[in-house]
Each structure stands twice: as structure tokens, then as C-alpha cells.
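A closer look at the structure
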Amino acid sequence: MTIAIIGAGITGLYLAWKLVEKGHQVTVFEKKEKIGKEACSGLFSERILDFIPESQKLIQNQIEYCLIHFPKRTLKIKFSGKFLVVNRFELDNLVAKLAENSGAKIILKSQINSPPEGFDKIIGCDGQNSVIRKSLGLPSPTYRLAIQGFFSRSDSSATFVEAWPHKQGGFIWKIPRGKKTEYGIISNPKGAELLFEEFLKINNLKLERLNSAIIPQGLIIPVQPSITLCGDAAGLTKPWSGGGVVWDLIAADILLKNFPDFLRYQKEIKKFFLPKIIFSKILTSIVYFLGFKMPWLLPRNIKIESDFLSRRI
């Protein structure tokens, strides 16, 4: 089949790579002049190696647990597996090379304003402001703003990340990246910048290379036999952290398993993700409520599954 993928982010590139391996002709259209997302923390569970084994060489650090600092209680979250700190820009380019080597065609500086004609199937992987999603008349997801910056201090010995939740429902984070330390915030777009500035001022931090990105939240999949969405275009990000890469790659594998039946893909992805989204939203709300109102009710040590917040005993 001839397939158009709109967007050369990691999801679109991964789908291109795997669909060509299945014998299809794939063209990827990317509006930017180069590949690689820069506004991303690149903190992924070890599952990333299941999808892209070659990403092993891009690991900058390994994370074993997270400290969540509420005003009157700190929680230690132990993960079922390690998290890996990876350079997202390099990861995207790695997958692009894998896709091109397999035979996919990638066209840069190609602005697509409507579903292209002449293709059997069209997959919108064109991010939070997806043109494909809008062209189908689908609603937009809700949005949060993420801002990140870097502090020039080596923290290569640290094997944990830290987070400071705030009452608006987001949090500030700290990630050791080897030669540098990353700080960032995810929050309501209206208040994120001010909250981050106050945190940096209190902690006497001056950051370099400030980046920002809009993080979508929802699950929007069209009921269409020839056009579908995947990745940020579908609003598929974790409700608690805003991370999306591993979830997006799981969704991509569901699409690949059901290809070319987009209607069955739509049913399968909702069946898999909707219960997890609902559960994690409820659990996150409970933790935030207790953390700020009744912190003594929260256990100090918790072990959870890396990508789905299910507790491991």
C-alpha cells in the first residue's frame, strides 16, 4: 500500500520504519527543515529498548527512583525498572536513519495543510496542533505548557530525579543528565512561567537554553477507514507526567498489529489506553489532594510499574 505519514517525530518515523519492513511504500512529510525534537526531557522507561534497541548507545544516565517533595512530606517512588535519560534530538535522528535505510522517503520543509491525495492510507503524527486532526473536524485535546532549561553542573553520580508538585496540578522537575542538570515545569499555560521563575529565584538557579512545548492530553482517534492519528496528534500522553514517547510507541505497535484496518485500531487503542488514562487521572488527583491536605496519609516509600502507575507488591 502507499502510505503518507504527516510528521517526522519519533512516532511517525517509527511507523515509517516498521511499515516499510512490512512491504509498504511510505512517504513522511515534515514541515521543519530538520529532524529532532529539542524541547523534551528524554526520560524513558527501559521499554524504549524494546522498540528501538539501537537507542542503547544514546543513554546519558540511568534513574532508579524519584523523590516527590510535597511541602510537608517527601515520597520515594521506586520504579519496577530503570528509567533512561536519552538525548531526544539524537533519538529522533537515529530512528530517521533506520526509517530511511529501510526505504522510507522523508520529505523535509513540506507543509501539509490537508490530507494529501494519492495515498491508500494517511497517518497523522503531526503533533499537538495536528492539521490532520483539524481537517477531520475533531476536537482539540486539553493542553499544558512545559518549560525546560539546563544548569551547567555535572550530576553524573545521581541515580534519581526530583519533583516538586504545585497546587495548580503540575510539578517542577530536576533530572541529572551527566554533564548537565535539567530543570523544568509542566503546568497550566497561564501560570507555568511565573511558577518556574519563582522556583529558580528561591533556589538561586540561572538556566541555559530555555525551551518550551505544548503538551496535549486526551485520546482522539477518528472513526475513519483511510485516515487515522497516532502520537501527540491523538493527545496520547501520560496524565501525571506529560511524557508520551513510550505510550506513543505502544500505540504505534497497536496500529501496526491491526494495519491496514484503522477502525479496528481505533477500537483496540481505546480498549487499551482509556482505562489506564482514567485510573491514572484519579490516582494523580488523590495523591495531589493528600500531598497538600493530608500528607501524613501518604506512604513514604512506593513501588510502581514504570509506565502505568500500577502498584507492584
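Residues numbered from 1 in each chain as written. Predicted model: local features only at pLDDT ≥ 70, side-chain atom pairs only at ≥ 80, totals over all residues. Heavy atoms only, no water.

A count of helical and extended segments in the protein chain gives 7 helices and 14 strands. Compactness check: the protein chain gives a C-alpha radius of gyration of 19 Å against a globular reference of 20 Å for 313 residues, within 12% of the reference. Projected onto its principal axes, the C-alpha positions of the protein chain cover 60 × 40 × 35 Å. Looking at the protein chain as a whole, 55% of its 313 residues are labelled buried. In the protein chain, 71% of the contacts between residues at least 6 apart in sequence involve partners at least 24 apart. Counting only carbon and sulfur atoms, one obtains 53% of the accessible surface of the protein chain, whose full area is about 14800 Å². On the protein chain, the mean spot of the 44 positive side-chain charges and the mean spot of the 28 negative ones are 7 Å from each other. (Helix = DSSP H or I, 4+ residues; strand = E, 2+ residues; numbered from the N terminus. Rg over C-alpha atoms; globule rule 2.2 N^0.38 Å. Buried < 20%, exposed > 50% of the residue type's maximum accessible area, 1.4 Å probe, protein only. Contact = heavy atoms within 4.5 Å. Areas by Shrake-Rupley, 256 points an atom, 1.4 Å probe, with all protein chains shown as cover. Lys, Arg positive; Asp, Glu negative; His and termini not counted. Charge placed at Lys NZ, Arg CZ, Asp CG, Glu CD.)

Interaxial distance between helix H6 (residues 245-258) and helix H7 (residues 262-293) falls to 8 Å at its minimum, and their mutual angle equals 150°. Classed by the angle they form, the pair H6 and H7 counts as roughly antiparallel. Handedness of the H6/H7 crossing: right-handed. Counted together, Trp247, Ile250, Ala251, Ile254, Leu255, Lys257 and Asn258 of H6 and Phe262, Arg264, Tyr265, Glu268, Ile269, Phe272, Phe273 and Ile277 of H7 form the full contact between these two elements. Here the residues of the contact of H6 with H7 are counted per class, giving 11 nonpolar, 1 polar and 3 charged. (Axes fitted to C-alpha atoms, helices over the stretch in contact; angles between N-to-C directions. Parallel < 35°, antiparallel > 145°, perpendicular 65-115°, else oblique. Left-handed = near helix turned anticlockwise from the far one by under 90°. Nonpolar A, V, L, I, M, F, W, Y, C, P; charged D, E, K, R; others polar.)

In the structure shown here, the tally under the stated rule is 10 salt bridges. Note that arginine 47 is salt-bridged to aspartate 307, the shortest N-O span being 2.5 Å. In this pair, arginine 47 sits in the loop between strand E3 (43-45) and helix H2 (48-51) while aspartate 307 sits in the segment after strand E14 (301-304), placing the two residues 260 residues apart along the sequence. Two residues, lysine 180 and glutamate 208, come together in a salt bridge whose shortest N-O distance is 3.4 Å. (Salt bridge = Lys/Arg side-chain N within 4 Å of Asp/Glu carboxyl O.)

On inspection of all chains with the given rule, the structure shows 17 aromatic pairs. Taking the centre distance of 5.8 Å and the plane angle of 85° together, the rings of tyrosine 14 and tryptophan 17 count as edge-to-face. Placement of the pair is tyrosine 14 and tryptophan 17 together in helix H1 (residues 10-21), with a separation of 3 residues, close to one helical turn. One exposure class covers both tyrosine 14 and tryptophan 17, and it is buried. Aromatic ring contacts, followed pair by pair, group Trp240, Trp247, Phe272, Phe273 and Phe308 into a single cluster. (Phe/Tyr/Trp six-rings, centres within 6.5 Å; stacked < 30°, edge-to-face > 60°.)

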